[in-house]
Amino acid sequence: MEGVNDEDSSPDLYRSGEEDTASMQWSDFQHATCGKETLATFLEDLGLMQLYPEKLSLCTILQIDEKTISDEPAKCNSDLPWYFLKKLMMVNVTARNAKCTSVSQPNRDAAAAKKELDFDDLFEDLNLGDMLNPLDIITALFLCSDGFVRQEMALKMSMCQFSVPLLLPNCDTKQCTLMLWAMRDIVKKYRPQSLTESKGFNEERIVLSKLPMISFVRLGECSLSKSEILNKLLSNSQQYHDTFVHHDMECGDSPRRISNGLVEITWYLPCGNKNMDVFSEPVAVANLRGDIDSFETQFSFLCETSAAVFVFFDTLDSKCELLTNQRHKAQIFLVGNHQSKRSGIDALKKVATKLGLTNSNIILKTKQMNDADFVKKLRQTVSNVVENTKVKMGIEEMADIAHELGIWVDEDSPECQTAKKNADAITSEIQDILEYKEAQLPLQGQIWKELTRLEKEECRLRNVGSEKIEDYKSNLQEEKSKLREQQNSYDMSNAMACFIQAISNPGTERCYFLKWMRINLDNVSRKKLSDLREQYKEKCKNSENKEEIKEIDRQLSKSSLGIEHFFREMGQIYEASLSLPERHPSRQQLQHLPKLCAQLLLDGFPLELVDGDASNIPLRWVSDVLSQLNDLISAKSKILVVTVLGVQSTGKSTLLNTMFGVQFAVSSGRCTRGAFILLIRIKEDVKKVLNCDFMVIIDTEGLKSPELAQLDNSHEHDNELATLVVGLSDITIINIAMENSTEMKDILQIVVHAFLRMTEVGKKPKCQFVHQNVSDVSAHEKNLRDRKLLLQQLNEMTQAAAKMEKKEESKSFTDVMEYSPDTGNWYIPGLWNGNPPMAPVNAGYSEAVYELKKNIIQILGRCQSTANDVLEFTEWIESLWNAVKHENFIFSFRNSLVADAYMRLCTEFNKWDWEMRKFMYTWVLNAETRIQNFGTVAGKSEISEMSECRNVELCV
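Just so it is clear, the structure is predicted and the values come from calculations on it, not from any experiment.

**Student:** Is there a simple way to think about the overall build of the chain in this case?
**Tutor:** Tallying secondary structure elements over the chain gives 38 helices and 19 strands in all. Relative to its full complement of 956 residues, the chain shows a buried share of 54%. Sequence separation of at least 24 residues holds for 77% of the intrachain contacts in the chain that already meet a minimum separation of 6. Summed over all atoms, the accessible surface of the chain reaches about 43600 Å², with 50% contributed by carbon and sulfur.

**Student:** Help me out: how do you make sense of the packing of aromatic side chains in this one?
**Tutor:** Aromatic ring pairs: the centre-centre distance and the angle between the two ring planes describe each pair. Taken as a whole and judged by the stated rule, the model has 14 aromatic pairs. Its end group placed over the ring of F162, R96 keeps NZ or CZ at 3.8 Å from the ring centre. Sitting over the ring of W516, K420 keeps its end group 5.3 Å from the ring centre.

**Student:** How should the sheet that holds strand β5 (residues 213–219) be read in this particular structure?
**Tutor:** Each strand in a sheet pairs with its neighbour through backbone hydrogen bonds, running either in the same direction (parallel) or in the opposite one (antiparallel). Read across the sheet, nine strands follow the order β10-β9-β8-β5-β7-β6-β1-β2-β11 without closing on themselves; strand pairing throughout is mixed. Pairing within the sheet leaves two strands with one partner each, and these edge strands are β10 (362–365) and β11 (408–409). The pairing of strand β2 (residues 175–178) with β11 spans two bridges and is classified as parallel. Across the sheet, T177 pairs through a bridge with W408, a residue of β11. Together, β1 (164–170), β2, β5, β6 (263–268), β7 (283–291) and β8 (308–313) form the strand contacts of helix α11 (residues 296–305), whose direction differs from that of β5 by roughly 150°.

**Student:** I would appreciate a short explanation of helix α20 (residues 494–503) in the present structure.
**Tutor:** Two residues of an α-helix separated by three or four positions point the same way, owing to the 3.6 residues in each turn. Buried within α20 are the following residues: A495, M496, F499, I500, A502 and I503. In a view along the axis of α20, the buried residues occupy a sector of 160°, so they form one face of it. Pointing more than 90 degrees away from the buried face of α20 are the exposed residues N494 and Q501. Buried-residue contacts for α20 involve α16 (414–427), α17 (433–440), α21 (507–539), α23 (563–577) and α25 (593–602).

**Student:** Hey, could you run me through the pairing of strand β3 (residues 187–190) in this one?
**Tutor:** Along a regular strand, successive side chains alternate from one face of the sheet to the other. On β3, burial follows the alternation: K188 and Y190 on one face are buried, whereas V187 and K189 on the facing-out side are not. Summarising the sheet, β3 and strand β4 (residues 202–205) pair through four bridges and their orientation is antiparallel. Counterpart to Y190 in the pairing with β4 is N202.

**Student:** Whenever I open this one, unusual backbone geometry confuses me. Can you help?
**Tutor:** With glycine set apart, most residues show a phi of negative sign, and most peptide bonds adopt trans. Residue P837 is reached from P836 by a cis peptide bond, and omega for that bond is 15°. The phi angle at L461 is positive, at roughly 50°, despite the residue not being glycine. Among the structural elements, L461 can be located in the loop between α18 (446–460) and α19 (469–489). The backbone of N691 sits at a positive phi, close to 55°, despite the residue not being glycine. Inspection of the secondary structure puts N691 in the loop between α28 (684–690) and β15 (694–700).

**Student:** I would appreciate a short explanation of the packing of α16 against α21 in the present structure.
**Tutor:** Axes are the key here: two packed helices are described by the angle between their axes and the distance separating the axes. For the pair α16 and α21, the least separation of the axes is 8 Å and the interaxial angle reads 40°. Judged by the angle between their axes, α16 and α21 are oblique. In terms of crossing hand, the pair formed by α16 and α21 is right-handed. Across from E415, C416, T418, A419, K420, N422, A423, D424, I426 and T427 in α16, the residues of α21 making contact are T508, E509, Y512, F513, W516, M517, N520 and L521. When its residues are assigned to classes, the contact of α16 with α21 shows nine nonpolar, five polar and four charged.

**Student:** Which parts of the structure should I look at to understand the pairing of strand β14 (residues 675–681)?
**Tutor:** Counting buried residues along β14, six of its seven residues qualify, which places the element largely inside the surrounding structure. Of the strand pairs in this sheet, strand β12 (residues 607–610) and β14 are connected by three bridges, and their pairing is antiparallel. Residue pairing for β14: V610 is matched across the bridge by A675. Bridge count for β14 against β15 is seven bridges, and the pairing is antiparallel. Bridged to A675 within β15 is T700.

**Student:** Sorry, what's going on with the pattern of salt bridges here?
**Tutor:** Oppositely charged side chains may form a pair once their charged atoms are brought near each other. Counted by the stated rule, this structure contains 35 salt bridges. As a salt-bridge pair, E575 and R484 come within 3.1 Å of each other at their nearest N and O atoms. Of this pair, E575 sits in helix α23 while R484 sits in helix α19, placing them 91 residues apart in sequence. The class of R484 is buried, set by a relative accessible area of 15%. One salt bridge in this structure joins K766 and E818, with 3.8 Å as the shortest N-O distance. On the criterion of sequence distance, the pair formed by K766 in strand β17 (residues 766–772) and E818 in the loop between α33 (784–804) and β18 (825–828) is long-range, its members being 52 residues apart. Accessibility expressed as a relative area gives 40% for E818, which makes it partly exposed. Through salt bridges with shared partners, a single network forms among D185, R205, K515, R518 and D522.

**Student:** Would you explain helix α5 (residues 80–89) in this entry?
**Tutor:** Within α5, seven of the ten residues are buried, leaving the element largely enclosed by the surrounding structure. Of the residues making up α5, those classed as buried are L80, P81, F84, L85, K87, L88 and M89. Contacts from the buried residues of α5 go to α3 (39–46), α4 (58–62), α8 (134–143), α9 (147–159), α27 (652–660) and α34 (843–861). V91 lies just past α5 and shows a positive phi near 50°.

**Student:** Would you mind going over the environment of L860 with me for this structure?
**Tutor:** In this fold, L860 is placed in helix α34. With relative accessibility at 0%, the residue L860 sits in the buried group. Once the C-alpha coordinates of L860 and L640 are considered, the two residues, 220 residues apart in sequence, prove to be 7.5 Å apart. Excluding residues that lie within four positions of it along the chain, L860 makes contacts with L640, V642, L690, M695, D730 and I731.

About the thresholds
- Residues numbered from 1 in each chain as written.
- Predicted model: local features only at pLDDT ≥ 70, side-chain atom pairs only at ≥ 80, totals over all residues.
- Heavy atoms only, no water.
- Helix = DSSP H or I, 4+ residues; strand = E, 2+ residues; numbered from the N terminus.
- Buried < 20%, exposed > 50% of the residue type's maximum accessible area, 1.4 Å probe, protein only.
- Contact = heavy atoms within 4.5 Å.
- Areas by Shrake-Rupley, 256 points an atom, 1.4 Å probe, with all protein chains shown as cover.
- Phe/Tyr/Trp six-rings, centres within 6.5 Å; stacked < 30°, edge-to-face > 60°.
- Lys NZ or Arg CZ within 6 Å of the ring centre and 35° of its normal.
- Pairing = 2+ DSSP bridges.
- Axes fitted to C-alpha atoms, helices over the stretch in contact; angles between N-to-C directions.
- Arc of directions from axis to C-beta.
- Parallel < 35°, antiparallel > 145°, perpendicular 65-115°, else oblique.
- Left-handed = near helix turned anticlockwise from the far one by under 90°.
- Nonpolar A, V, L, I, M, F, W, Y, C, P; charged D, E, K, R; others polar.
- Salt bridge = Lys/Arg side-chain N within 4 Å of Asp/Glu carboxyl O.

Nothing here speaks to function; it is geometry throughout.
Structure, rendered in structure tokens:
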């Protein structure tokens, strides 16, 4: 019954022997239904008509509204798309289980339970289930979304291990579209068995990966459930997963109204363990919804791009022109449900002979063969194809075939193509990343790091020595001026000129350009870092290569190149221009840069707040960007700030991405460095709850980074960053791996100590501890003792710090940061449900993060008085950063205990020094008196003492 829903399977009546009659009835019903349906009426039913042809944007999806924090189920069809999107943006694998729950249904059930037998009501209830097929909802949303929403949806669907649209149909125009751009953001890691010994892996954008594609289609009616069989084919014995929607899923048996002709794609990617891998090599799997007789264009495309096409059927026409007329690059396999009818066998022989098929190309399921044996046979056939085929093609290459067949490609839009051309012009010049950065981005290198050092030294005066302080400061100012002159001496590089020109273009083209830049730069960085890691692994085999290993290590830390480096350079160009006279032409030409960046921030792009490489804030640049942002929005707009803080590689960015649906960089071959701020709109219906218009999300680099641990100032870097972002926040999420919070205890002690020392920190941040990879339901109860112990230790540290700072009024950690051991801890299970790369995101992870999100919004709703406007936030950044720069003591220490030990040592040393000085002063005074009395009567009686005096003097 594939014509009915996904496929695939006819009603039970059809299976029980009355196939022909039931099939005809159901087919007639479906065709009648489809004849009446149009895309417009379906979109009207979903409440999406206003978004077609106008498109849904990311800003609309990501804004915080009442639905994002409400657990109310969908009550009508128009709620279903938003229910699906809400779940999908939080990477919840239950997103496709979207159906309406009538408000009156419980009352109806209660009333029905009291009634006597009533067949009219009984059959009326049977007809109430007019549910929508999940594939229709997905198709409608893709048709009504812009390219960036499509990309985000495809990425999240892939993380959930859902199949992703490859060819998207439009039932009104009978035209389909190749979803190349939509899949550009999907990056996959896998380990083919050839790399098992070396423990290596492949990491690549899936559209660029040249993989064999195996396609599954249906000809006529078919009693085999194609999609269910595919799910079993791709699942190992330990874990079954519904990659494709099928009739036994929730709403999967509802008739499809607009998604016939949809071609979905998924990928099987091995982990390198032969006991777990279904296929030893990677393979793409495509699935056409509907009869190939009705969708010949899609079938032709699959025959041109696939290594093999498996055709599911019940009966075959002996002519079967559709199969015999195709230009087959792919091998054809016939898959049928054997019914022992002589006519069917004769037709199969004729078709097989015409196609030149052998026995291995025909797979029949007999009544004696159960699903497990049938799937095993099918899997073996697919394995043989994958291992022996030479037909391998990336999705990017499929665009040419799509054009030949008259299929649109979503990347063909003029804005996308112009943006691609502009991005390629910049990134195609990159051969060596280090050389490129020195040549094209010179202002942010050593000059910026030296400026940072001078700026901090000007505040801390660590190396003043015996020089007069005013003279020392004057010299530092002079050195800073020379460095700014050096920055201004550089002409703007070609790359930066092209970059600034491209982001000055209208909105959509600018967004495409930035996305293309990020894609291209990630591809370059990934390849470079992969090569360096291979070199590192080779050199580590020989312990004599210490210097070479150190050099590769240095290159690894410096070979990161992302879009943030271009914005960082733009900030330095702007800051350098401010040292020029006000009417200088160069300065005048660059005055528009902050407004450009402010507009991007408003559009949802992150802004680098702290430069992680230099450990500094370009204060004037950030201030002017935020000032321009204030001009773009309402002057009375309020903001609340949420920050995540934690040790490196504990999943901070993933947590924020899942919680708010945003896309901070993760798993792109390089970790977050510094701190980035991102703006999320608050919708009107939630403004009254939060008393703010925007939420600012701050993502920070991982603390205690191994690559920075070798540096002398690594503690200082971590402590400065942590103090700054916690001081800026209304609520801070402390992200911890497992239950053990010891790793963050040192950082928290320094933050608290810094708050006590810095009078500029006037507010009391709220604190929530998030323990990752803890799935035990009893974790909260079992860890009560550990939480109390942590609080006790933090209280002791706070008291010690307060005593050192002579601020005895602060007696506990909660006097400085708002935290409750009972309500301030969250235990979140692991991200993956199974063994990557084929594991979907754990539904428990998504649900736990959703609960955390609701709690955070509730907490923020209770701290209305702390909401600032953008200008107040800017002033807060400036004053807090100045306080951090002037802090010359506490940031140098690993924790408060070390600082306390240092203070005690200093106290003892001062005592020893004073005792020594006192002894020497007394001795000198006595010695001078004796010398002056020498020769007098008093002196004669002390000759012996003089001898002793000379002896002591000689000793001294």
